[in-house]
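Results of the structural survey
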Amino acid sequence: MTSGALAVVAAVVFAWGAFSARLERADLTAPMAFVGVGVLLAQGMHAEAGPAGVTVLTEVTLAWVLFCDASRVGLRELRGDAGAYGRLLGLALPLTVVAGTGAAWLLLDAPLPWYALLIGAALAPTDAALGAVVITHPAVPARIRRLLNVESGLNDGIVTPVVMLALAGAAAAPGHEGGFVLPAVLQLLGGALIGAAVGAGGGWLLRAAGRRGWTDDSFAGPAVLALALIAYAASVAGHGNGFVAAFAGGMAFGQVAGRGGPREVFYVEETGGLASLLVWLLFGAFAVPVLYGRVDVALLLYAVLSLTVVRMVPVALSLIGSRLGGRTVLFVGWFGPRGLASVVFALLAVEELGDRAGPAVAAIVLTVLLSVVAHGVSAGPWAARYGAHSGSLKAGGLHEPVAATRLRRSPGGHDAAPPVTSGRAP
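So, here is what we can say about the structure in this document.

So, how was this worked out
Starting afresh in each chain, residues are numbered from 1 along the sequence in its written order. Given that the model is predicted, a residue must reach a pLDDT of at least 70 before its local features are reported, and side-chain atom pairs must reach 80 or more before they are shown or counted; all residues, however, enter totals for whole chains, interfaces and linings. With hydrogens and water set aside, each side-chain value is computed from the structure's full complement of heavy atoms. Buried Ala, Val, Leu, Ile, Met, Phe, Trp, Tyr and Cys residues form a nonpolar core when they are joined through side-chain atoms within 4.5 Å. Throughout, exposure labels follow a simple rule: accessible area from a 1.4 Å probe, protein chains only, divided by the maximum for the residue type, with under 20% read as buried, over 50% as exposed, and the rest as partly exposed. Numbering of helices and strands runs from the N terminus; a helix is a DSSP stretch of H or I covering at least four residues, while a strand is a stretch of E covering at least two. Contacts are assigned to residue pairs that have any heavy atoms within 4.5 Å of one another. Stacked, tilted and edge-to-face pairs are distinguished by plane angle, under 30 degrees for stacked and over 60 for edge-to-face with tilted covering the rest, among Phe, Tyr and Trp rings (Trp via its six-membered ring) whose centres lie within 6.5 Å. Only when the NZ of Lys or the CZ of Arg is both within 6 Å of the ring centre and within 35 degrees of the ring normal is a charge said to sit over the ring. Helix span, expected: 1.5 Å multiplied by one less than the number of residues in the helix. Here an angle of 0 to 180 degrees is reported between the N-to-C directions of two axes, which are lines fitted to C-alpha atoms, with helices fitted over the stretch in contact. An angle below 35 degrees is treated as roughly parallel, one above 145 as roughly antiparallel, one from 65 to 115 as roughly perpendicular, and anything else as oblique. In this scheme, a crossing is called left-handed if the near helix is turned counterclockwise away from the far one by less than a right angle; it is called right-handed if the turn is clockwise. All residues other than Ala, Val, Leu, Ile, Met, Phe, Trp, Tyr, Cys, Pro, Asp, Glu, Lys and Arg, Gly among them, are scored as polar; the first ten of these are nonpolar and the last four charged. Two residue types count as positive, namely Lys and Arg, and two as negative, namely Asp and Glu; His and chain ends fall outside the count. The working definition used for a salt bridge is a side-chain nitrogen of Lys or Arg within 4 Å of a carboxyl oxygen of Asp or Glu. In the analysis that follows, any N or O atom pair within 3.5 Å is treated as a polar contact, provided that within protein one partner can donate a hydrogen and the other can accept it, and provided that, for residues neighboring in sequence, both atoms belong to side chains. For patch building, the residue pool is restricted to those with more than 30% relative accessible area and no salt bridge; the joining distance is 9 Å between like charges and 5 Å between nonpolar side chains (Val, Leu, Ile, Met, Phe, Trp, Tyr). In these tables, accessible area is a Shrake-Rupley quantity obtained with a 1.4 Å probe, and a residue counts as shielded only by the protein chains included in the view.

1. What to know about the nonpolar core
Judged by nonpolar contacts, the single largest core of 99 residues is most densely connected at Trp280 and Phe283. With twelve residues, helix H17 (residues 358-388) is the single largest residue contributor to this core. Here tryptophan 280 is in contact with Pro31, Phe34, Val35, Asp127, Leu130, Gly339, Leu340, Val343, Val368 and Val372, once residues within four sequence places are set aside.

Written as structure tokens, this is what we have:
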């Protein structure tokens, strides 16, 4: 990147920080803005391929996001609505993977079933940053905001093992298709164990040092930022899965760190948010050009189906009997945008499969690009309209004090929130 391009990027980040609230009121989201800037920069730079640093930045960003999201999940506080979370994560998410895989196999002429599974799994996790207005809109019932927020925070970590398994299957040498299963499973288990050990150990140490007054508050945040990278890097060095490690590390840290944890994780949230802005810019600069000459009717049809039927039907089926009402089920089903996790999975596919990943990457990129626009534009208007009609949902227990889920938003608009509390305001 030239110094001129760097100056443009810095200026765009500053301008977004200065005018973000005003721009968001005009239904312009951070991903929309930075993808657009990235596309313009690509035209000016005439870039043909992204630098290796793109993959590093996106992997580190996802590790921070996974750690942050997992650490903010208050397990005790979520028990009251465990049924709804279980439906979305335990039923709707697997059904989405299956439906996406089947559609990819039928429409995209995948050379092996593993490529179809890669596409279906990579596009299953949601990213509420693309529709962040929904997560922060005071008119949307607190329970629904929390439902979307928690689902988005957890599903990328849950689906990561499936993506890694699909990559291992697609990369297996001909005639040795069965040899990848055990190593892949061991990588996932190793990542979970290493991440949990690092997160729990770091949380305990930080808590103990804080009690003795050994920790300077101004450096506690950077320490947790480094802890997330330790979990990721240690797992990779130990031949485990780094993303699973980051997620497991965040979960362990959040349970062990105590009351100071959320304050320290906020630094990770802010840093991850800034990195997310750069990832979206690089997505526009280096991923969107992959679509040139590749978009056809089948690819476009798959992208549309992935954002609608493939997501919304499993959500509707999983929420049968939940007493949420048809309007709410439709609302939750639609606001399942695809974002950062899918982008990282696409880059991992390129890294693992090389040119063979082209069709799969094109499907992922086009779906994410459509999601950036469709969910970004619809978030504000639909949230206001849904909120105006949400009075009829009181009988289902959907209304809670808005302060109960007051959310903090990072520079990237990521869907991070303090631990979920009871109905009382903090």
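2. Brief notes about the packing of aromatic side chains
For the structure on display, the rule yields nine aromatic pairs. Note on tyrosine 232 and phenylalanine 243: the rings are 5.5 Å apart at their centroids and 45° apart in plane angle, and the pair reads as tilted. Remark: phenylalanine 243 occurs in helix H11 (residues 242-256) and tyrosine 232 occurs in helix H10 (residues 217-237); sequence separation between them is eleven residues. Neither tyrosine 232 nor phenylalanine 243 differs from the other in exposure class; each is buried. Ring pairing ties together the aromatic residues Phe331, Trp334, Phe335, Trp382 and Tyr386, which thus form one cluster. The lysine or arginine in question, arginine 212, covers the ring of tryptophan 214, its NZ or CZ lying 5.6 Å from the ring centre.

3. Topic: H10
Note that an α-helix has 3.6 residues per turn; residues three or four places apart therefore point the same way. For H10, which comprises 21 residues, the first-to-last C-alpha distance of 30 Å matches the rise-based estimate of 30 Å (1.5 Å per residue) to within 8%. Directly beyond the C-terminal end of H10, a positive phi value near 65° is found at histidine 239.

4. What to know about the packing of helix H8 (residues 142-171) against helix H15 (residues 326-334)
At a minimum axis separation of 11 Å, H8 and H15 run at an interaxial angle of 30°. Here H8 lies roughly parallel to H15, going by the angle between them. For the pair H8 and H15, the crossing hand works out as right-handed. Along its contact with H8, which presents Ile144, Leu147 and Leu148, the element H15 presents Thr328, Phe331 and Val332. Each residue belonging to the contact of H8 with H15 can be placed in one class, and the counts come to five nonpolar, one polar and no charged.

5. Notes on unusual backbone geometry
Positive phi outside glycine occurs at histidine 239, with the angle close to 65°. Position of histidine 239 relative to the elements: it lies in the loop between H10 and H11. Its identity as a non-glycine residue notwithstanding, arginine 323 has a phi of 65°, on the positive side. With respect to the helices, strands and loops of the structure, arginine 323 is situated in the loop between helix H14 (309-318) and H15. Here arginine 323 falls in the exposed class, since its relative accessible area comes to 63%.

6. Regarding the side chain of aspartate 156
Summarising the element assignment, aspartate 156 is placed in helix H8. Put simply, aspartate 156 is tucked away with no salt bridge, and the nearest opposite charge, on arginine 311, sits 12 Å away. Contacts of aspartate 156, omitting those with residues within four sequence positions, involve Leu66, Asp69, Pro125, Ala341 and Phe345.

7. Quick word on the side chain of serine 152
Relative to the helices and strands, serine 152 resides in helix H8. Engagement of the side chain of serine 152 in a polar contact is seen with the backbone oxygen of threonine 126, the distance being 3.3 Å.

8. As for a nonpolar patch on the surface
Together, Leu91, Leu95, Val309, Val313, Leu317 and Ile320 make up an exposed nonpolar region whose accessible area comes to about 490 Å². Where the nonpolar patch is concerned, the elements lending two or more residues are helix H5 (82-107) and H14. Looking at the nonpolar patch, the element that brings in the most residues is H14, giving three residues. Within the secondary structure, leucine 91 sits in helix H5. Judged by relative accessible area, leucine 91 falls into the partly exposed class, the value being 38%.

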